[in-house]
Structures are given as C-alpha cells and as structure tokens.
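Letter by letter, the chains look like this.
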Amino acid sequence: GWRVTVPAAIFAVALAACGGDDEASSPRPQSAGRTAAQETMVMWRGTTGRAASPRARYDIVVIDAPRRRLRVLTPPLEGAARPLLFDRPSWSPDGRQIAFTVELDGDPSAPYRTDIYVINADGSRVRRLTWSERALFPVWSPDGRTIAFAKRASSQPRSFRELVSMTIWAVRTDGSNERQLVQSSRLAEDTPGAWSPDGESL
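Residues numbered from 1 in each chain as written. Predicted model: local features only at pLDDT ≥ 70, side-chain atom pairs only at ≥ 80, totals over all residues. Heavy atoms only, no water.

Peer 1: Just to check I follow, could you spell out the overall build of the chain for this structure?
Peer 2: Each helix and strand in the chain was counted, giving two helices and 13 strands. Taking all 202 residues of the chain together, 45% fall into the buried category. Carbon and sulfur atoms make up 50% of the accessible area of the chain, which totals about 11,400 Å². (Helix = DSSP H or I, 4+ residues; strand = E, 2+ residues; numbered from the N terminus. Buried < 20%, exposed > 50% of the residue type's maximum accessible area, 1.4 Å probe, protein only. Areas by Shrake-Rupley, 256 points an atom, 1.4 Å probe, with all protein chains shown as cover.)

Given below as structure tokens:
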C-alpha cells in the first residue's frame, strides 16, 4: 500500500445518505411553482486540523442541485460555538429557513452543551432559538410554526444515565411557549422523528 501524508482533508456528507429523516429534513417538491430552495440540499463539510492547529473546522453547506453549486452558510457564532458535526439539520416547510444544533463548547467529541439555532436559507439572520444548553435534533411542524426537539436531562452529564436520558419538547418558532411533550424516564432516549401531515402528532 501507499502511505500518503496530507496537511488537511475535506469531506462532505449528504444528510440524506446517512439514513436520516429525509422527508422531515428537506422541503417537499411541488408539482408547480417549485422554488430554488426546494431544489437545494444541506450538507456538512468538515476540514481536519493540522499538526500545529489540531482543532477541526466544519461548516453548513447548501448545494444547488441542478447547478451543482456549493455555498457555505456557516454563521458567525459567539465564542467557541459552532454547528454540531453530523447533526440533522431541518428545513422549514417553505424552504426558507434551516434549524440546526450548535455545540456551544466547539468540541464535537463531547457535545453536551447544545442549543438550537435557525438561519435563513440564504445564510442571513442567524438566531438562537433555545437557551437551555440541552436542546438538539430540531424538526419543523408542517405549518412552520413549531419546532419539536430533544432535550437532555443535563447539559453537563455526570453519569451514563444522564448522558443518554432525553425527552421530547416543542417551542414556537419565535422562541415562545417552550413545553415538554413526553415525560422524562431514566435511560430513555426519546427524540422527535417526523410530524404527521396534519401537524397534530409526532
């Protein structure tokens, strides 16, 4: 075999290829009036660090499928916060916004302090939606007014039990009316999958 040394490696992974929730995470095509946002795919791009600077950098990237054009959407975030690598981004039903999880400490190997952010599909107006430091896995409701998400038992887990214990919450897209949908239970990892078409159940 050949031994090759490279200073950096770049990889991109389509979330649809990871066995994720395709229908919940991407806008549905329409038979008429299809918009550019509905022909766009979200991906993550990670760049490995160098020996002198080992910390990796990773970005949210959108791809214009028909034209094969890539555009980096990584927003300016405070401190060490950055999009959580390999997390599941979620399109709003109208294809104009993307909800995603941010690792607040900037360390994907220990993503314990996390919250949900929303960004416009053109990369503008990033905003923080949750402030618990325990929220992740956002899923938009069909009417675009609510986001269901998972919430850890603790933002600084001290045991395996606390690490894997999650339950399902929901919040309005303006950040109001945050509420718990599923009762907590030890060692249960409850995460939202997909909404019913009428938005009445998950």
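From this point on, the discussion continues.
Peer 1: I keep staring at the pairing of strand E4 (residues 69-72) and nothing clicks. Help me out?
Peer 2: If a strand is regular, its side chains alternate between the two faces of the sheet. Taken together, the four bridges between strand E3 (residues 57-64) and E4 define a ladder with antiparallel strand orientation. Among the inter-strand pairings, Val62 is bridged to a residue of E4, identified as Arg71. In textbook terms, the turn of a hairpin is the stretch between consecutive antiparallel strands, and for E3 and E4 this stretch comprises four residues, one of which, Arg68, has a positive phi near 60 degrees. (Pairing = 2+ DSSP bridges.)

Peer 1: Would you take a moment to explain the packing of aromatic side chains for this structure?
Peer 2: Summed over all chains, the structure comprises one aromatic pair. For Lys151, the ring lying beneath its charged end belongs to Trp169, and the centroid distance is 3.6 Å. (Phe/Tyr/Trp six-rings, centres within 6.5 Å; stacked < 30°, edge-to-face > 60°. Lys NZ or Arg CZ within 6 Å of the ring centre and 35° of its normal.)

Peer 1: Would you explain the sheet that holds strand E12 (residues 166-172) in this entry?
Peer 2: Backbone hydrogen bonds hold the strands of a sheet together, and the pairing may be parallel or antiparallel. Spatial ordering of the open sheet is given by E10-E11-E12-E13, a layout of four strands whose pairing is antiparallel. Of all strands in the sheet, those bounded by a partner on one side alone are strand E10 (135-140) and strand E13 (179-180). Both E10 and strand E11 (residues 146-152) contribute to a ladder of four bridges, which runs antiparallel. Its bridge partner lying in E11, Trp140 is registered against Ile147.

Peer 1: Is there a simple way to think about the nonpolar core in this case?
Peer 2: Buried together is how nonpolar side chains tend to be arranged in soluble globular proteins. Counting residues in hydrophobic clusters, the biggest one holds 15 residues, and the most contacted among them are Val42, Ile60, Leu73, Ile98, Phe100, Val102 and Tyr117. Looking at this core, the elements with two or more residues in it are strand E2 (40-47), E3, strand E7 (97-103) and strand E8 (114-120). Once residues lying within four places of it in the same chain are set aside, the contact partners of Ile98 are Val42, Val62, Leu73, Pro89, Ser90, Trp91, Tyr117, Val118 and Ile119. Within the second largest apolar cluster, ten residues are counted, among which are Val118, Leu129, Ala135 and Trp140. (Core = buried A, V, L, I, M, F, W, Y, C linked by side-chain atoms within 4.5 Å. Contact = heavy atoms within 4.5 Å.)

Peer 1: Even after reading the chapter, I still don't get unusual backbone geometry, so can you show me in this structure?
Peer 2: Trans peptide bonds make up most of the peptide bonds, and negative phi angles are found at most residues other than glycine. Residues other than glycine seldom take positive phi values, yet Arg68 does so here, at roughly 60 degrees. On the secondary structure map, Arg68 appears in the loop between E3 and E4. Even without a glycine there, the phi angle at Arg125 is positive, about 50 degrees. With respect to the element layout, Arg125 can be found in the loop between E8 and strand E9 (127-128).

Peer 1: Please explain the side chain of Ser141 as it appears in this structure.
Peer 2: Position of Ser141 relative to the elements: it lies in the loop between E10 and E11. A polar atom in the side chain of Ser141 sits 3.5 Å from the backbone nitrogen of Arg145. Setting aside anything within four residues of it in sequence, one finds Ser141 in contact with Pro93, Thr146 and Trp195. (Polar contact = N/O pair within 3.5 Å; in protein donor to acceptor, adjacent residues only side chain to side chain.)

Peer 1: What am I meant to see in the confidence of the model for the chain here?
Peer 2: Atom-level detail of predicted coordinates should not be read off regions where pLDDT is low. Here the chain averages 78 in pLDDT, and 77% of its residues register 70 or above. Note that pLDDT drops below 50 for residues 1-36; the model gives that stretch 54 contacts with residues more than four away or on any other chain. (pLDDT = per-residue confidence, 0-100.)

Peer 1: Even after reading the chapter, I still don't get the pattern of salt bridges, so can you show me in this structure?
Peer 2: Where charged atoms from two side chains of opposite charge approach closely, those side chains can pair. All chains considered together, the criterion is met by six salt bridges. Between Arg128 and Glu78 there is a salt bridge, and its shortest N-O distance comes to 3.7 Å. In this pair, Arg128 sits in strand E9 while Glu78 sits in the loop between E4 and strand E5 (82-83), placing the two residues 50 residues apart along the sequence. Look at Arg128 and you get buried, because its relative accessible area is 19%. The exposure class assigned to Glu78 is partly exposed, which follows from its relative accessible area of 44%. In this structure, Lys151 engages Glu178 in a salt bridge whose closest nitrogen and oxygen atoms are separated by 3.0 Å. One end of the pair, Lys151, is in strand E11; the other, Glu178, is in the loop between E12 and E13, with 27 residues separating them in the sequence. (Salt bridge = Lys/Arg side-chain N within 4 Å of Asp/Glu carboxyl O.)

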